[in-house]
Amino acid sequence: MKEGSKYQSLLDYLRENRHLDEVTLNFAEIEALLNDALPPSARTQQAWWSNRKKGALQATAWMEAGYRVETVDFDAQRVTFRKLIQKIQVQQAGDRVQWNGELINALRLHMGLTQAEFAERLGVDQRTVSKWENGQSPARSTLKHLNLVAEVAGFSFRAESKNTD
């Protein structure tokens, strides 16, 4: 999301509450966060609240924070955001987790961090995190650090066996 976006404060609020599986806000609370009125379509059209990945700054805000709109109650003027649940394929060699781009991305989103913030936390630069999330394997020396960061962040994962149906 672009810095200075009208919906940046909603993104920030949801990131601050990322420990919650569900967040319900009424329209007035959202407007207070935005310091601006919601557009009229937000009060009457389900489409405004759709979880689309492109072309909607408001959807970008909640989706970047790791949420999706679960329900909109136009009569009560409230919306419920639910944490996105990703099914991640975790691979292990013995009892060592094989960190891949999908798992690193899921950890970063779980922590509510941008790539730059995550990179700073790990002591690497943002391009390194981007490379990891796009398929480059982290250095062996980084793996233990990723495990520790995941543990401290309360990021739980377990390996699932592959089924061939």
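Details of the structure are given in the entry above.
Remember, predicted model here, so these are calculated numbers, not experimental data.

## Let's talk about helix 2 (residues 27–34)
Residues spaced three or four apart along an α-helix point in a common direction, a consequence of the helix completing one turn every 3.6 residues. Along helix 2, the positions that sit buried rather than exposed are F27, I30, E31 and L34. For helix 2, the buried positions fall inside an angular range of 100 degrees around the axis, keeping them on one side. Set apart from the buried face of helix 2 by more than 90 degrees, the exposed residues are A28 and A32. Against helix 1 (8–16), strand 1 (22–26), helix 3 (40–44), strand 2 (67–73) and strand 3 (78–83) lie the buried residues of helix 2. Taking the backbone nitrogen of A28 as reference, a side-chain oxygen 3.1 Å away marks N26 as the first, capping residue of helix 2. N35 sits one or two positions beyond helix 2 and adopts a positive phi of about 55 degrees.

## Some words on the packing of aromatic side chains
One pass over the structure, following the stated rule, counts six aromatic pairs. Ring geometry for W49 against W62: centres 5.7 Å apart, planes inclined by 20 degrees, an arrangement best described as stacked. Of this pair, W49 sits in the loop between helix 3 and helix 4 (57–64) while W62 sits in helix 4, placing them 13 residues apart in sequence. Neither residue differs from the other here; W49 and W62 are each classed as buried.

## As for the pairing of strand 1
Residues V23 and L25 line the buried face of strand 1, whereas the alternating positions E22, T24 and N26 sit on a face that is not buried. Alignment of strand 1 against strand 3, held across five bridges, turns out to be antiparallel. Paired with E22 across the bridge in strand 3 is R82.

Conventions used here
Residues numbered from 1 in each chain as written. Predicted model: local features only at pLDDT ≥ 70, side-chain atom pairs only at ≥ 80, totals over all residues. Heavy atoms only, no water. Buried < 20%, exposed > 50% of the residue type's maximum accessible area, 1.4 Å probe, protein only. Helix = DSSP H or I, 4+ residues; strand = E, 2+ residues; numbered from the N terminus. Arc of directions from axis to C-beta. Contact = heavy atoms within 4.5 Å. Polar contact = N/O pair within 3.5 Å; in protein donor to acceptor, adjacent residues only side chain to side chain. Phe/Tyr/Trp six-rings, centres within 6.5 Å; stacked < 30°, edge-to-face > 60°. Pairing = 2+ DSSP bridges.

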